[in-house]
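# Residue-level structural notes
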Amino acid sequence: MAQSPSASRPLSPHLGIYRKMLTMMMSIVHRITGGALYFGTLLLAWWLVAAASGAEAYEMFATHAGAWYGQLVLLGYTWALIHHMLGGLRHLVWDMGKGFNLRLVEWMARGTVAGSIILTIVTWAIAYQIMGAL
């Protein structure tokens, strides 16, 4: 008994059939950074609650934030924040009906990656400079 042609085909497209493109990866990363920012906001709340709760609570926060793992989490949070912001600006340009030239789309995606890394490094360098750590 022969199957109908539609029975052997997938019902809808799936990631396995798409060619990996930078813009597709940027869309996925934008969603991931959005989720990371959601959970990273808990860090901000912890900091504010600790600051309002007194020296002992703030000392506990500062101990964890100053440790290598805390610095790594804060670095990742900073990158996610900047990357998500740049991705949002890219989408804002598209929402205005601009920037759909394929070369410009690719350039903007690369700019989001490079810009987020560079701005994160600059932000941390300025923060360490202000704190006197450099």
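One structure accompanies this document, and this report is about it. Since the structure is predicted, the reported quantities are computational estimates derived from the model, not experimental observations.

## Some words on the packing of aromatic side chains
For the coordinates displayed, the defined rule picks out six aromatic pairs. Geometrically, the ring pair formed by Trp68 and Tyr69 is edge-to-face, given 5.9 Å between the ring centres and 90° between the ring planes. Here Trp68 falls in the exposed class, since its relative accessible area comes to 67%. Looking at Tyr69, the relative accessible area reads 38%, which means it is partly exposed. Summarising the aromatic geometry, the rings of Trp94 and Phe100 are spaced 6.3 Å apart at their centres and angled 20° between planes, so their arrangement reads as stacked. Take Trp94: its relative accessible area is 16%, and that puts it in the buried class. The class of Phe100 is exposed, set by a relative accessible area of 53%. Three or more aromatic residues joined by ring pairs form one cluster here, namely Trp46, Tyr58 and Phe61.

Calculation criteria
- Residues numbered from 1 in each chain as written.
- Predicted model: local features only at pLDDT ≥ 70, side-chain atom pairs only at ≥ 80, totals over all residues.
- Heavy atoms only, no water.
- Phe/Tyr/Trp six-rings, centres within 6.5 Å; stacked < 30°, edge-to-face > 60°.
- Buried < 20%, exposed > 50% of the residue type's maximum accessible area, 1.4 Å probe, protein only.

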